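The chain contents come next:
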Amino acid sequence: MKLIRMMILALFLLPSAYADDSILIRDMESLRDSLPFKDMGRPPLTRRLADLYFQKAVEDDKNLILTGNGSPAEITKMRDRAGKLYREALDGEKGTYPAIEGELKIKIQFQLARIDRMNGQRSKALETFQTITASPLAGKQLMRETLLTIAEMNDEDGKWEKAQEAYLKALPLCEGPEAISYVRYRLSWAYFRKGDIQTAQNEISQALYDAQGNPKDQVIADYIQFLAADTKTDGKAALLKIEALAQKARRPMLIDDLGNAFFAIGNRQAGVNVIAHAHRLKPDPFYAARLAEEYYGFRQWDDVTSSLNSLQSLSTKISGLEAKKKEAVDQMLRRLVVQIDGE
């Protein structure tokens, strides 16, 4: 009978094959309750059960955020149960079993800190995470995850210096392009918020693609924002970078995005240089009208004339523009006529 019980226990400790974790949790609770209190099968079962409660709480919380389905009270209840089981595992159920030592102890402390963070006890969680980073018992993977968690928490609190410090420590521990790319992306934002625009640009340029070589839309958008943030640039160096990226990613519209980013922050000269290049690559009536108005603002009369001539040659294409651009061309020309008449 004891052999059969141990075989069943071993099956429960394997990665779950259950379709519903709730059923597995229920069955494991029943098995744990059926074991004699001093049965040596209880400690590993307690740890496994704590992990299951924690994992289900995390999954259900994500589902609640994404779909609105789920019970916040039940999620909190599962987190609390996971925390209670982890603490019982740590102290050997108040001395009934040998207390856990070594890296396993650190891993359980890490899980308890995650629960504290989820329950809003951020200071307590951060203190535990810091203790883990100081432990020689923490393995490489656990150290990396702890440092990343510390960095993310400092990011959330607006403590960019501390976030940057933790990301820099985590970077050499990362393995695989996805993990490295993520840390470089977060580092780029830490530098950007500190005003170190050049370093931010360099870091984020190493995080533009995923492990399969596909461009990351949000990272590229942020990269363009970082390039445009240099208020002293004429846009030409940034244009070379984005043009190369546009060709590699097969997204020619990125050049437009760069020009719009320069205009958005008020760097009109850089914006003009970018859309003038885009216009040379692919003549467009919208570009021609925009350039004519911008060159008028700079009092570059030869360029105004050249842009208007270009617009005239492209007049048959105006009707093919999308409605917003067609209206914008009309408004720009009307403003230009009024401004020139007022000279």
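Residues numbered from 1 in each chain as written. Predicted model: local features only at pLDDT ≥ 70, side-chain atom pairs only at ≥ 80, totals over all residues. Heavy atoms only, no water.

Trainee: What should I look at first to understand the overall build of the protein in this one?
Mentor: Within the protein one finds 18 helices and 0 strands. Since a compact globule built from 343 residues should have a radius of gyration of about 20 Å, the 30 Å found for the protein marks it as more spread out than a globular shape. For the protein, the residues scored as buried account for 44% of the 343 residues in total. Relative to all contacts within the protein whose residues are 6 or more apart in sequence, the contacts with residues 24 or more apart total 55%. Accessible surface, the protein as shown: approximately 18,800 Å² in total, 54% of it carbon and sulfur. Looking at charge distribution, the protein has the averaged site of its 49 positive side-chain charges lying 3 Å from that of its 48 negative ones. (Helix = DSSP H or I, 4+ residues; strand = E, 2+ residues; numbered from the N terminus. Rg over C-alpha atoms; globule rule 2.2 N^0.38 Å. Buried < 20%, exposed > 50% of the residue type's maximum accessible area, 1.4 Å probe, protein only. Contact = heavy atoms within 4.5 Å. Areas by Shrake-Rupley, 256 points an atom, 1.4 Å probe, with all protein chains shown as cover. Lys, Arg positive; Asp, Glu negative; His and termini not counted. Charge placed at Lys NZ, Arg CZ, Asp CG, Glu CD.)

Trainee: Hey, could you run me through helix H8 (residues 140–156) in this one?
Mentor: Side chains three or four residues apart in an α-helix point the same way, a direct result of the helix having 3.6 residues per turn. Between the first and last C-alpha of H8 there are 24 Å, a value that for 17 residues agrees with the 24 Å anticipated at 1.5 Å per step. Across the 17 residues of H8, 12 count as buried, placing the element largely inside the fold. Residues Leu 142, Met 143, Arg 144, Thr 146, Leu 147, Leu 148, Thr 149, Ile 150, Ala 151, Met 153, Asn 154 and Asp 155 constitute the buried set of H8. Contacts made by the buried residues of H8 are with helix H6 (102–118), helix H7 (122–133), helix H9 (160–170) and helix H10 (177–194). After H8 finishes, the residue Gly 158 shows a positive phi value of roughly 75°. (Expected span 1.5 Å × (residues − 1).)

Trainee: Would you explain the environment of Asn 202 in this entry?
Mentor: Position of Asn 202 among the secondary structure elements: in helix H11 (residues 197–204). Each C-alpha atom, one on Asn 202 and one on Gln 141, is 26 Å from the other, the two residues being 61 residues apart in sequence.

Trainee: Please clarify how the nonpolar core should be interpreted in this entry.
Mentor: Most often, soluble globular proteins keep nonpolar side chains buried together rather than apart. Ranked by internal contacts, the top residues of the largest apolar core, which has 75 residues, are Phe 129, Ile 242, Leu 245 and Leu 258. In terms of residues, this core owes the most to one element, helix H16 (residues 285–298), which gives 8 residues. Ignoring any residue separated from it by four or fewer positions in sequence, one finds Ile 242 in contact with Tyr 223, Ile 224, Leu 227, Leu 254, Ile 255 and Leu 258. Leu 45, Ala 50, Leu 52 and Ala 82 belong to the second largest nonpolar core, which has 24 residues in total. (Core = buried A, V, L, I, M, F, W, Y, C linked by side-chain atoms within 4.5 Å.)

Trainee: Can you help me understand unusual backbone geometry in this one?
Mentor: For residues besides glycine, phi is generally negative; the peptide bonds are generally trans as well. Here the phi dihedral of Glu 93 falls at roughly 50°; this positive angle occurs in a residue that is not glycine. With respect to the helices and strands, the residue Glu 93 is situated in helix H5 (residues 92–95). A positive phi angle is found at Arg 299, which is not glycine, with a value near 60°. Counting through the fold element by element, Arg 299 comes out in the loop between H16 and helix H17 (301–313).

Trainee: Even after reading the chapter, I still don't get the confidence of the model for the protein, so can you show me in this structure?
Mentor: Interpretation of the predicted coordinates at a detailed level should be avoided for regions scoring low in pLDDT. Averaged over the protein, the pLDDT score is 89; the fraction of residues at 70 or greater is 93%. Predicted confidence in the protein is weakest over helix H1 (residues 2–12), with a mean pLDDT of 43, and strongest over helix H12 (residues 217–228), with 97. The model gives residues 1–19 a pLDDT under 50, and that stretch makes 24 contacts with residues more than four places away or in other chains. (pLDDT = per-residue confidence, 0-100.)

Trainee: Please explain the side chain of Asp 284 as it appears in this structure.
Mentor: By the secondary structure assignment, Asp 284 is in the loop between helix H15 (268–281) and H16. Buried charge without a salt bridge: Asp 284, with Lys 325 as the nearest opposite-charge side chain at an N-O distance of 5.2 Å. (Salt bridge = Lys/Arg side-chain N within 4 Å of Asp/Glu carboxyl O.)

Trainee: What is the right way to look at the packing of H12 against helix H13 (residues 236–249) in this model?
Mentor: Relative placement of two packed helices is described by the angle separating their axes and the distance separating the axes. One way to put it is that H12 packs onto H13 with a least axis distance of 10 Å and a crossing angle of 165°. Judged by the angle between their axes, H12 and H13 are roughly antiparallel. Along this stretch, H12 crosses H13, giving a crossing that reads as left-handed. Here Ile 220, Tyr 223, Ile 224 and Leu 227 of H12 come into contact with H13, specifically with Ala 238, Lys 241, Ile 242 and Leu 245. The residue inventory of the contact of H12 with H13, partitioned by class, reads 7 nonpolar, no polar and 1 charged. (Axes fitted to C-alpha atoms, helices over the stretch in contact; angles between N-to-C directions. Parallel < 35°, antiparallel > 145°, perpendicular 65-115°, else oblique. Left-handed = near helix turned anticlockwise from the far one by under 90°. Nonpolar A, V, L, I, M, F, W, Y, C, P; charged D, E, K, R; others polar.)

Trainee: It is not clear to me how H10 should be interpreted in this structure. Could you clarify?
Mentor: Spanning 18 residues, H10 covers 26 Å between terminal C-alpha atoms, matching the ideal 26 Å at 1.5 Å per step. Those residues of H10 that fall on the buried side of the exposure criterion are Ser 181, Val 183, Arg 184, Tyr 185, Arg 186, Leu 187, Ser 188, Trp 189, Ala 190, Tyr 191 and Phe 192. In the stretch just after H10, Gly 195 is the one whose phi turns positive, near 90°.

Trainee: So what exactly am I meant to see when it comes to the packing of aromatic side chains here?
Mentor: The way to describe two aromatic rings as a pair is by their centre distance and the angle between their planes. Within the structure shown, the criterion is met by 5 aromatic pairs. Seen in terms of ring centroids, Tyr 296 and Trp 301 are 5.5 Å apart; in terms of plane orientation they differ by 70°. Their pairing is edge-to-face. You can call Tyr 296 buried: its relative accessible area is 8%. A relative accessible area of 40% means that Trp 301 is categorised as partly exposed. Through a chain of ring-to-ring contacts, three or more aromatic side chains come together here, namely Trp 189, Phe 192 and Phe 226. Across the ring face of Tyr 209, the terminal group of Lys 248 is positioned such that the distance to the ring centre comes to 4.5 Å. Residue placement shows Lys 325 over the ring face of Phe 286; its charged tip is 5.1 Å from the ring centre. (Phe/Tyr/Trp six-rings, centres within 6.5 Å; stacked < 30°, edge-to-face > 60°. Lys NZ or Arg CZ within 6 Å of the ring centre and 35° of its normal.)

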